[in-house]
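Spelled out, the chains give:
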Amino acid sequence: MQTTKTVVRRVTLAFLCLYALYSTWHAVSGIAPAELFRWFSGHRATGAQSFHDLKREETTLDGGMMALDQDSPFVQSLAQQAFRRVSLPDFNQYPTQEVIATGYTAGVESTGKTPADPDYGITYSGVRVRRDLYSTIAADTTVFPIGTILYIPGYGYGVVADTGSAIRGNKLDLYYPSVQAVYGEWGKRKTVVYVIQKGGGSLDEATMNRLNGSDALQMKQTDAVEI
């Protein structure tokens, strides 16, 4: 009986000590045990150096944290999910236009440029190509001026940043980072696009960063829609 009481007392004391440690840890760090466990899992998968590195890499469209390290496997994985499930506005409020859209890359197959070219990846507007929440696209500027923001079903938001000799009339070129992505994810399609905002003829990196980093400009809606 005495042995049983001793065991119970020791278990109780151990539990109280663990609870005290947890309370102190949570109060000081603000990190819950479940999040700490997720860091250990993420550390093995991504090589994040600390819990806060991993927290900094989280990307959510509703929460407002944007990726700082866009090259990490963790962020790339989340980005792929984000492109396929985005909170969308009611597009019926925007004018529409039917277009023929193809995909293009920054490479020699689309632009004739190689990575050794100083202008590689630089669009007509001067901004660098990007596939993001708001991606760079090419258009006939007499139809869609530089800076025009479109929503392209199946692709996402596109900002007119580039032109092309074959892009005339109601045609678009949608930027992808690789030839495989062009053919695997898009190809060539006839589609209806939504004109979110007509451009003023110019575009800069600050505007692209603001579009991709501001929750207010992501035009959120409660219902998520599969793209």
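Some remarks on the confidence of the model for the protein
Right, on to step 1. In this model, the protein carries an average pLDDT of 74, and 55% of its residues clear a pLDDT of 70 or more.
Right, on to step 2. Counting contacts from residues 42-68, a segment whose pLDDT is below 50, to residues more than four positions away or on other chains yields 57 contacts.

Side note on the environment of Thr-105
Right, on to step 1. Its location among the elements puts Thr-105 in the loop between strand 2 (96-104) and helix 5 (108-111).
Right, on to step 2. As for Thr-105 and Val-179, which are separated by 74 residues in sequence, their C-alpha atoms are 6.6 Å apart.
Right, on to step 3. Contact partners of Thr-105, with chain neighbours within four places excluded, come to Ser-110, Thr-111, Tyr-175, Tyr-176, Ser-178, Val-179 and Val-182.

Things to note about the sheet that holds strand 3 (residues 134-139)
Right, on to step 1. In space, the 6 strands of this closed barrel follow the order 2-6-3-5-4-7, with mixed pairing throughout. Between one strand axis and the next, the sheet turns by 45° as a mean value, whatever way the strands run.
Right, on to step 2. Across the face of the sheet, helix 6 (residues 179-186) comes into contact with strand 2, strand 4 (149-152), strand 6 (171-175) and strand 7 (188-197) while running at roughly 140° to strand 2.
Right, on to step 3. Contacts from helix 7 (residues 205-213) reach strand 3, strand 4 and strand 5 (156-162), with the element oriented near 130° to strand 3.

Some details on the layout of surface pockets
Right, on to step 1. Approximately 520 Å³ is the volume attributed to the second largest pocket.
Right, on to step 2. Every residue lining the second largest pocket is counted, 29 residues in all, and those nearest its centre are Tyr-104, Ser-110, Gly-164, Ile-167 and Asp-173.
Right, on to step 3. Among the elements that make up the lining of the second largest pocket, the one with the highest residue count is strand 2 (4 residues).
Right, on to step 4. Partitioning the lining of the second largest pocket into residue classes produces 13 nonpolar, 10 polar and 6 charged.

Parameters at a glance
Residue indices follow the written sequence of each chain, beginning from 1 at its first position. Thresholds applied to this predicted model are a pLDDT of at least 70 for local features of residues and 80 or more for the giving and counting of side-chain atom pairs; totals over whole chains, interfaces and linings are not thresholded and use all residues. To get the side-chain values, take all heavy atoms of the structure and skip hydrogens and water. Per residue, pLDDT measures the predictor's confidence, with a range of 0 to 100. Any pair of residues with heavy atoms lying within 4.5 Å of one another is described as a contacting pair. Runs of H or I in DSSP of at least four residues are treated as helices and runs of E of at least two as strands, each being numbered from the N terminus. The rule for pairing is simple: two strands pair if DSSP sees at least two bridges between them. Every axis in this analysis is a line fitted to C-alpha atoms, fitted for helices over the stretch in contact. Angles between the N-to-C directions lie between 0 and 180 degrees. The rule is simple: put a 1 Å grid over the protein atoms alone, call a set of points where a 1.4 Å probe fits but cannot get out a cavity, call an open set with protein on both sides within 12 Å along at least five of seven lines a pocket, and count a residue as lining if it has an atom within 4 Å of a point. Grid points are joined across faces, edges and corners, and a volume is the space filled by probe spheres set on the points. Polar here means any residue other than Ala, Val, Leu, Ile, Met, Phe, Trp, Tyr, Cys and Pro, which are nonpolar, and Asp, Glu, Lys and Arg, which are charged; Gly is therefore polar.

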